[in-house]
Amino acid sequence: MVSGKEWWKVSELNKKYEIVFKDKKQETTDIFSFVFTKPDGFSWTPGQHGIFRFHDYDFESDKGYRVFSFTSVPEDNILMFTSCTYDRPGSEFKEHLLRLREGDIMTVEDPQGRFVVDDYDRPVCILARGIGITPVRAILRKLDISRSNPTKIKIYYLDEGGEYAFEESLRHIDKKIPGLEIEFLKDLDTLQDRAEAFARIIGNEGLYYTSGTAGINGMLIEMLLALEIDKTNIKADNFIGY
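Computed from a predicted model, the values in this text were never measured in an experiment. (Residues numbered from 1 in each chain as written. Predicted model: local features only at pLDDT ≥ 70, side-chain atom pairs only at ≥ 80, totals over all residues. Heavy atoms only, no water.)

Visitor: Tell me what's going on with the packing of helix α4 (residues 188–202) against helix α5 (residues 214–226), and back it up with residues and numbers.
Guide: Relative orientation and spacing of two packed helices are given, respectively, by the angle between their axes and the distance between those axes. Two numbers describe how α4 lies on α5: the axes approach to 10 Å, and their chain directions differ by 30°. Considering their axes alone, α4 and α5 lie roughly parallel with respect to each other. Crossing handedness for the pair α4 and α5: right-handed. Contacts from L188, L191, Q192, A195, E196 and A199 of α4 reach α5 at I216, M219, L220, M223 and L224. Looking at side-chain class alone, the contact of α4 with α5 contains nine nonpolar, one polar and one charged residues. (Axes fitted to C-alpha atoms, helices over the stretch in contact; angles between N-to-C directions. Helix = DSSP H or I, 4+ residues; strand = E, 2+ residues; numbered from the N terminus. Parallel < 35°, antiparallel > 145°, perpendicular 65-115°, else oblique. Left-handed = near helix turned anticlockwise from the far one by under 90°. Contact = heavy atoms within 4.5 Å. Nonpolar A, V, L, I, M, F, W, Y, C, P; charged D, E, K, R; others polar.)

Here it is as structure tokens:
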């Protein structure tokens, strides 16, 4: 079981790649995607994240880096990450991010993380809340372009406000892949019910992924463990407002 992004690997020794800003896309009221050039020789596995820094800006009131999941895949020939801008009003880093102009430079470090789907021959249940959909978007994008036919993937995407990032593209992919089913939810109790029903039917034949805040992830993991799902079949990606 993986809990959270791998903060201990933030290091000045990590290899840095320059990325050039191209465009910004507004996904919901508070969620934006940022599109950059993809550096030569840089690749990642859908579900992973990277450490991002500004190339030539020193922050006085901020640690100066953020960890974002990749929402594009290498085959797109762009590098894209997606961020929620409401999590900490006044964040110097986020404010600077929103002011990016075409041609501005950031850096990204070697990709990290184990929130990846290892086996599409097993049933997969993915639980995502809010900004937690970002690594899932890359996983589904890869499935789409590779024309894979997974055995069974159930994705339960919760947003209490009913604003779903990437909704149009997710619904499009949902229609194209026979083994995939995405359900858009507005209620946490329903998310728990769906996860419990899947676990009771599939049990340890399946793989379980949960992506969102640490509190929600912890609650869902506790429920799965109580249903005797082995911890080796659970992966979590914790998103922390920072």
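After that view of the structure, there is still more to cover.
Visitor: Give a detailed account of the environment of T82, specifying residues and quantitative values.
Guide: Structurally, the position occupied by T82 is in strand β5 (residues 78–84). Here T82 falls in the buried class, since its relative accessible area comes to 3%. Setting aside residues up to four positions removed in sequence, T82 forms contacts with E27, I31, F32, S33, F68, S69, T71, I131, T134 and F166. Side chain to side chain, T82 and S33 meet in a polar contact 2.7 Å long. A distance of 3.0 Å separates a polar atom in the side chain of T82 from a polar atom in the side chain of T71. (Buried < 20%, exposed > 50% of the residue type's maximum accessible area, 1.4 Å probe, protein only. Polar contact = N/O pair within 3.5 Å; in protein donor to acceptor, adjacent residues only side chain to side chain.)

Visitor: If you had to explain unusual backbone geometry to someone new, which residues and values would you point to?
Guide: Both trends apply: most residues other than glycine have a negative phi, and most peptide bonds are in trans. Phi at F166 takes a positive value of approximately 65°, unusual for a residue other than glycine. Structurally, F166 can be placed in the loop between β8 (153–158) and α3 (167–176). Under the relative-accessibility criterion, F166 is labelled buried at 6%. Phi is positive for E228, close to 70°, though the residue is something other than glycine.

Visitor: Before we move on, can you summarise the confidence of the model for the protein chain with the specific residues and values?
Guide: For the protein chain, the mean per-residue pLDDT works out to 90, and 89% of the residues sit at or above 70. A low-confidence stretch, residues 6–10 (pLDDT under 50), is modelled with 13 contacts involving residues beyond four sequence positions or located in other chains. (pLDDT = per-residue confidence, 0-100.)

Visitor: Any details on the sheet that holds strand β3 (residues 49–54)? Residues and values, ideally.
Guide: Strand order across the open sheet formed by six strands is β4-β3-β6-β1-β2-β5, with antiparallel pairing between neighbours. Looking along the sheet, the strands with just one partner apiece sit at the ends: β4 (65–69) and β5. Across the sheet, the mean angle from the axis of one strand to that of its neighbour is 40°, orientation sign disregarded. Note that strand β2 (residues 31–37) and β5 share seven bridges and pair antiparallel. By the bridge assignment, I31 is partnered in β5 with C84. (Pairing = 2+ DSSP bridges.)

Visitor: Kindly report on the pairing of strand β7 (residues 124–129), identifying the contributing residues and their values.
Guide: Burial within β7 is extensive, with five of its six residues counted as buried. Pairing of β7 with β8, which is carried by six bridges, proceeds in the parallel orientation. What sits directly across from L127, in β8, is Y156. Handedness of the β7-helix α2 (residues 133–146)-β8 crossover: right-handed. (Right-handed = clockwise from strand over helix to strand, strands pointing away.)

Visitor: Can you lay out the pattern of salt bridges for me, pointing to particular residues and giving the numbers?
Guide: Counted under the stated rule, the structure contains 12 salt bridges. Here E196 and R200 are joined by a salt bridge, their closest N and O atoms 2.9 Å apart. With E196 and R200 both in helix α4, this residue pair falls four residues apart, about one helical turn. Classification of E196 as partly exposed rests on a relative accessible area of 26%. Judged by relative accessible area, which is 59%, R200 ranks as exposed. Linked through salt bridges whose partners overlap, the residues forming this network are D76, R141, D144 and K176. (Salt bridge = Lys/Arg side-chain N within 4 Å of Asp/Glu carboxyl O.)

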